[in-house]
Amino acid sequence: MITLIKESDQLKMPWKNKQGTTAQILISPKGATLDKLDFDYRLSSAPIKAAGPFSTFPGYRRILLPISGAGFVLNGHPYATHEAAHFDGDEETHCELLKKEVTDLGLIYHPERISANVRVLNLPFPLTLTLEADKTYLCHLLSGQLSVQDRALAINETLVISGEESIRLECQKKTAIAFFTLQRRA
């Protein structure tokens, strides 16, 4: 099954610490909320306009990817654009900007229920990806043009892919995607 989440479908909301706003792209399972911390995973994107602390998410892990701007420094470690930061949601995390505003793409997930990873793929030509039907994949278009199984994505739109054995990525040169792989733990 392949589901397209358009930018207009994303839910705009304040950060947990009220220091900014985020666009919640997806939360699973449906009906789960950030406030109750009853979700398995949540994908969101947010502008980071100034240095400051991140919200904590006890019991969760985080993957944070700067997708525009020069990048940021988390607890003293620099991350360039498209370089993924992995850290505990319990951790007191302080962010400094390398230059000015950065937009991030972040996945928060419960590590006892889900394993997760991300890769940024720079696609030079169309290709077919072999998938595992028991995994869920989140494909977020960062730049360029992309169509998957006749679904055209705009920049900042996301495909949720599950139960598929392969997908065909039709793209132009200079297309970049954030490709998350999620697997339920037994």
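Our structure's up above, just so we're on the same page.
A quick note: this is a predicted structure, and the numbers were derived from the prediction, not measured. (Residues numbered from 1 in each chain as written. Predicted model: local features only at pLDDT ≥ 70, side-chain atom pairs only at ≥ 80, totals over all residues. Heavy atoms only, no water.)

1. Concerning the pattern of salt bridges
So, step 1. Taken as a whole and assessed by the stated rule, the structure comprises 5 salt bridges.
So, step 2. Across the salt bridge formed by Arg184 and Asp40, the nearest N and O atoms sit 2.8 Å from each other. Remark: Asp40 occurs in the loop between strand E3 (21-28) and strand E4 (41-48) and Arg184 occurs in strand E19 (residues 175-184); sequence separation between them is 144 residues.
So, step 3. Classification of Asp40 by relative accessible area gives buried; the value is 8%.
So, step 4. Glu132 serves as the salt-bridge partner of Lys135, at 3.2 Å between the closest nitrogen and oxygen.
So, step 5. In this structure Lys135 comes out as buried when scored by relative accessible area, which is 16%. (Salt bridge = Lys/Arg side-chain N within 4 Å of Asp/Glu carboxyl O. Helix = DSSP H or I, 4+ residues; strand = E, 2+ residues; numbered from the N terminus. Buried < 20%, exposed > 50% of the residue type's maximum accessible area, 1.4 Å probe, protein only.)

2. Points about the nonpolar core
So, step 1. Within the largest apolar cluster, 21 residues are counted, with the highest numbers of intra-cluster contacts made by Leu26, Tyr41, Leu43, Leu105, Leu107, Leu138 and Phe180.
So, step 2. Elements with a minimum of two residues in this core: E3, E4, strand E6 (61-68), strand E11 (102-109), strand E12 (114-123), strand E14 (135-143) and E19.
So, step 3. Ranked by the residues each element gives to this core, the list is headed by E19, at 4 residues.
So, step 4. The contact partners of Leu26, leaving out residues within four places of it in the chain, are Ile5, Tyr41, Arg42, Leu43, Leu138 and Val160.
So, step 5. Counting 18 residues, the second-largest nonpolar core is a separate cluster that includes Leu127, Cys139, Leu153 and Ile177. (Core = buried A, V, L, I, M, F, W, Y, C linked by side-chain atoms within 4.5 Å. Contact = heavy atoms within 4.5 Å.)

3. Details of the environment of Arg61
So, step 1. Within the fold, Arg61 resides in strand E6.
So, step 2. Residue classification places Arg61 among the partly exposed positions, given a relative accessible area of 22%.
So, step 3. Residue contacts for Arg61: discarding those within four places in its chain leaves His86, Phe87, Asp88, Gly89, Leu107, Ile108, Tyr109 and Pro111.
So, step 4. Of the polar contacts made by the side chain of Arg61, one reaches the side chain of Asp88; its length is 2.8 Å. (Polar contact = N/O pair within 3.5 Å; in protein donor to acceptor, adjacent residues only side chain to side chain.)

4. Some details on the sheet that holds strand E8 (residues 77-79)
So, step 1. Spatial ordering of the open sheet is given by E5-E10-E7-E8, a layout of 4 strands whose pairing is antiparallel. Single-partner strands in this sheet number two, and they are strand E5 (52-53) and E8.
So, step 2. Bridge analysis of strand E7 (residues 72-74) against E8 gives 3 bridges, and the strand direction is antiparallel. Among the inter-strand pairings, Leu74 is bridged to a residue of E8, identified as His77. (Pairing = 2+ DSSP bridges.)

5. As for the environment of Ala80
So, step 1. Take Ala80: it is sitting in the loop between E8 and strand E9 (85-88).
So, step 2. According to the relative accessible area criterion, Ala80 is partly exposed, its value standing at 36%.
So, step 3. Separated by 53 residues in the primary sequence, Ala80 and Ala133 place their C-alpha atoms 32 Å from one another.
So, step 4. Filtering out sequence-adjacent residues up to four positions away, Ala80 remains in contact with Pro66, Ala70 and Gly71.

6. Here we look at the packing of aromatic side chains
So, step 1. Per the stated rule, a full pass over the model turns up 4 aromatic pairs.
So, step 2. Considering the side-chain rings of Phe54 and Phe87, the 6.3 Å spacing of their centres and the 40° angle between planes classify their relative orientation as tilted. Note that Phe54 is positioned in the loop between E5 and E6 and Phe87 in strand E9, a separation of 33 residues in sequence. Phe87 carries the same exposure label as Phe54, and that label is buried. (Phe/Tyr/Trp six-rings, centres within 6.5 Å; stacked < 30°, edge-to-face > 60°.)

7. Comments concerning empty space enclosed by the protein
So, step 1. If you walk through the whole model with that rule in mind, you get 1 cavity of 30 Å³ or more.
So, step 2. The volume enclosed by the largest cavity comes to roughly 250 Å³.
So, step 3. Around the largest cavity, the lining comprises 21 residues; the ones closest to its centre are Trp15, Thr22, Ser44, Phe57 and Arg62.
So, step 4. Among the elements of the structure, E4, E6 and E11 are those that each provide at least two residues to the lining of the largest cavity.
So, step 5. Residues of the lining of the largest cavity, tallied by class, amount to 11 nonpolar, 6 polar and 4 charged. (1 Å grid on protein atoms, 1.4 Å probe; cavity = no way out; pocket = protein on both sides within 12 Å on 5 of 7 lines; lining within 4 Å. Points joined across faces, edges and corners; volume = space filled by probe spheres on them. Nonpolar A, V, L, I, M, F, W, Y, C, P; charged D, E, K, R; others polar.)

Purely geometric numbers; function is a separate question.
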